[in-house]
There are 2 protein chains.
Amino acid sequence: MNLQDYIRTINDFPKPGVVFKDITPLLNSPEATTACLNQLLAMLGDQKIDKVVGIESRGFFFATLMAQKLNAGFVPIRKPGKLPHTTIKRSYALEYGDDHIEMHIDALEKGDRVLLHDDVLATGGTAKAACELIEHLGGHIVQCNFLMELEFLNGRNKIANYDVQSVLKF
Amino acid sequence: MNLQDYIRTINDFPKPGVVFKDITPLLNSPEATTACLNQLLAMLGDQKIDKVVGIESRGFFFATLMAQKLNAGFVPIRKPGKLPHTTIKRSYALEYGDDHIEMHIDALEKGDRVLLHDDVLATGGTAKAACELIEHLGGHIVQCNFLMELEFLNGRNKIANYDVQSVLKF
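Conventions we followed
Numbers given for residues are sequential positions, taken from 1 along each chain in its written order. By the order in which they are written, chains take letters starting at A while ligands take numbers starting at 1. Owing to the predicted nature of the model, reporting of local features is limited to residues with pLDDT of at least 70; listing and counting of side-chain atom pairs is limited to 80 or more, with chain, interface and lining totals taken over all residues. Hydrogens and waters are ignored; side-chain quantities use all the structure's heavy atoms. In this text, helices come from DSSP runs of H or I with a minimum length of four residues, and strands from runs of E with a minimum of two, each type numbered from the N-terminal end. In this scheme, a residue with accessible area under 20% of its type's maximum is buried, one over 50% is exposed, and one in between is partly exposed, where area comes from a 1.4 Å probe on protein chains only. By definition in these notes, contact holds between two residues if any of their heavy atoms fall within 4.5 Å. We define buried area as the total accessible area lost by two parts upon association, computed with a 1.4 Å probe and summed across both. The term salt bridge refers to a side-chain nitrogen of Lys or Arg lying within 4 Å of a carboxyl oxygen of Asp or Glu. A fitted line through C-alpha atoms serves as each axis, taken over the contacting stretch for helices, and the angle formed by two N-to-C directions is quoted from 0 to 180°. Angles are sorted into four bins: roughly parallel if under 35 degrees, roughly antiparallel if over 145, roughly perpendicular if 65 to 115, and oblique for all others. By the definition used in this description, the sense in which the near helix is turned from the far one sets the handedness, with an anticlockwise turn below a right angle giving left-handed and a clockwise turn giving right-handed. Think of it as three bins: nonpolar holds Ala, Val, Leu, Ile, Met, Phe, Trp, Tyr, Cys and Pro, charged holds Asp, Glu, Lys and Arg, and polar takes everything else, Gly as well. Any pair of nitrogen or oxygen atoms within 3.5 Å is treated as a polar contact; in protein, a donor-acceptor pairing is required on top of that, and neighbouring residues in sequence qualify only through side-chain atoms on both sides. Helix span, as expected, comes to 1.5 Å for every residue beyond the first. Comment: arc refers to directions from the helix axis out to C-beta atoms. The pairing criterion for strands is at least two bridges between them, as found by DSSP.

Before we go on, may I ask you to explain the environment of A:Gly54 in this structure?
Residue and element names in this part refer to chain A. Relative to the helices and strands, glycine 54 is located in strand S3 (residues 51-55). Judged by relative accessible area, glycine 54 falls into the buried class, the value being 0%. Residues glycine 54 and histidine 117 lie 63 residues apart in sequence; the distance between their C-alpha atoms is 5.0 Å. When residues no more than four places from it in sequence are discounted, the contact partners of glycine 54 are Gly59, Phe60, Ala63, Phe74, Val75, Pro76, Ile77 and His117.

Listed below in structure tokens is the structure:
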């Protein structure tokens, strides 16, 4: 099975000039989803994980699945104003201006071994902010893994201190 | 295990007067997540499911997990402007005005047996709109299930034609 066959390319979404990688065909196929999940878990190996952190919202799919397989807790990192309890925040740069992401202040216990997941590693700005949130709460980042990596954007340079893995490279 | 112990009540979120049920403590516990997943699957029984449809974004967690367990495809219903391919849309009433949800036009095959999932059944407006989208694409709704049902809002009346199940009632 070639997992790239399940990624649909959409030009000019969400805005002109952006080439969007749509993972809904992959999620629509139980066989492709299982194959992808197995590859993500294989990249982690037998390292113990306490919490899988997924970034809103396309990072939620495989983060939830990995947490279940690893018998780990799942923790969402969300966009502003979505988490109801007390949060910590980190901002990250956008093309114009900046935005921020949030995590519940009690989402991790000090020393938790954490797997961070998102669907795409692009510029790495969101992933770096997510790593800062996790470490601020005392989490130890074991690996950052992604379904897809847009290599021409060099996002892994921003999180070079960590083990960075991706299933598909574009 | 009492699953209600893993639901945190937050008053006045996202706005004054609303009592919000926060499921992040449940997701943070692998034992509670597994127990909840097993209860959701037990409510479905041994009915065959082709696609599990989850509503953005808290519906994504258990919809993804159920799809994996049922060897079914996962389909997201999203808020406006989030799905990159051609979509169909349905509007639903809010307290003031209305909003709409979208689904990819190729997300289902005609005759697909569908399980619809969201975290909360409140007024039922979103669930009803989701059912309309599913049926517009030719899906057969086998069950609508929810983690939580706010019974005082009588949401199940809006989707009374379907098998409606919920794990926790408030």
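What follows picks up the thread again.
Mind showing me how you'd approach the interface of chain B and chain A here?
A common way to state how big an interface is: give the accessible area lost once the parts meet. Between chain B and chain A, the residue contacts involve 37 residues of the former and 37 residues of the latter. Across the chain B to chain A interface the summed buried area is about 3000 Å²; carbon plus sulfur atoms make up 56%. On the chain B side of the interface with chain A, the three residues burying the most area are B:Asn28, B:Gln68 and B:Pro84, jointly 19% of the side's total. The tally of links from chain B across to chain A stands at two salt bridges. A:Arg8 is the partner of B:Asp106 in a salt bridge, and the nearest nitrogen-oxygen pair spans 2.7 Å.

Whenever I open this one, the packing of helix H3 (residues 59-70) of chain A against helix H3 (residues 59-70) of chain B confuses me. Can you help?
Axes are the key here: two packed helices are described by the angle between their axes and the distance separating the axes. One way to put it is that H3(A) packs onto H3(B) with a least axis distance of 9 Å and a crossing angle of 60°. It follows from the interaxial angle that H3(A) and H3(B) lie oblique. The two elements H3(A) and H3(B) cross, and the hand of that crossing is right-handed. Between H3(A) and H3(B), the contacting residues are A:Phe60, A:Phe61, A:Thr64, A:Leu65, A:Gln68 and A:Lys69 on the first element and B:Phe60, B:Phe61, B:Thr64, B:Leu65, B:Gln68 and B:Lys69 on the second. The residue makeup of the contact of H3(A) with H3(B), split by class, is six nonpolar, four polar and two charged.

How do you make sense of the side chain of B:Asp22 when you look at a structure like this?
Looking at where B:Asp22 falls in the secondary structure, it is placed in strand S2 (residues 19-22). The exposure class of B:Asp22 is buried, given its relative accessible area of 2%. Of the polar contacts made by the side chain of B:Asp22, one reaches the side chain of B:Thr24; its length is 3.0 Å. Aside from chain neighbours lying at most four places away, what touches B:Asp22 is A:Pro84, A:His85, A:His104, B:Tyr6, B:Ile7, B:Arg8 and B:Ile10.

Explain helix H2 (residues 30-44) of chain A here, please?
Along an α-helix, residues three or four apart share an orientation, since each turn contains 3.6 residues. All names here are of chain A. Taking 1.5 Å per residue, 15 residues should reach 21 Å; H2 reaches 21 Å between its end C-alpha atoms and fits that length. For H2, every residue scored as buried is listed here: Pro30, Ala32, Thr33, Cys36, Leu37, Leu40, Leu41 and Leu44. Burial along H2 is one-sided: seen end-on, the buried residues are contained in an arc of 165°. Once H2 ends, the next one or two residues include glycine 45, with phi positive near 70°.

Is there a simple way to explain the sheet that holds strand S7 (residues 113-121) of chain B in this structure?
The pairing of strands in a sheet happens through backbone hydrogen bonds and is either parallel or antiparallel. All names here are of chain B. If you walk across this open sheet you meet the five strands as S4-S3-S7-S8-S9, and the pairing is parallel. In this open sheet, the two strands that pair with only one neighbour each are strand S4 (73-77) and strand S9 (164-169). Ignoring which end each strand starts from, the neighbouring axes of this sheet average 20° apart. In the packing of H3 onto the sheet, the strands contacted are strand S3 (51-55), S4, S7 and strand S8 (140-149), and the crossing angle to S3 comes to about 170°.

Explanation requested: the pattern of salt bridges in the structure shown.
If the charged atoms of two oppositely charged side chains come close together, the side chains can form a pair. Applying the stated criterion to the full structure yields 24 salt bridges over all chains. Between B:Arg78 and B:Glu56 there is a salt bridge, and its shortest N-O distance comes to 3.0 Å. Taken together, the positions of B:Arg78 in the loop between S4 and strand S5 (87-93) and B:Glu56 in the loop between S3 and H3 put the pair 22 residues apart, joining distant regions of the chain. A relative accessible area of 5% means that B:Arg78 is categorised as buried. Using a relative accessible area of 8% as the deciding quantity, one classes B:Glu56 as buried. Each of A:Arg8, A:Asp22 and B:Asp106 takes part in one network of salt bridges that share partners.

Any functional reading would require information beyond the geometric quantities listed.
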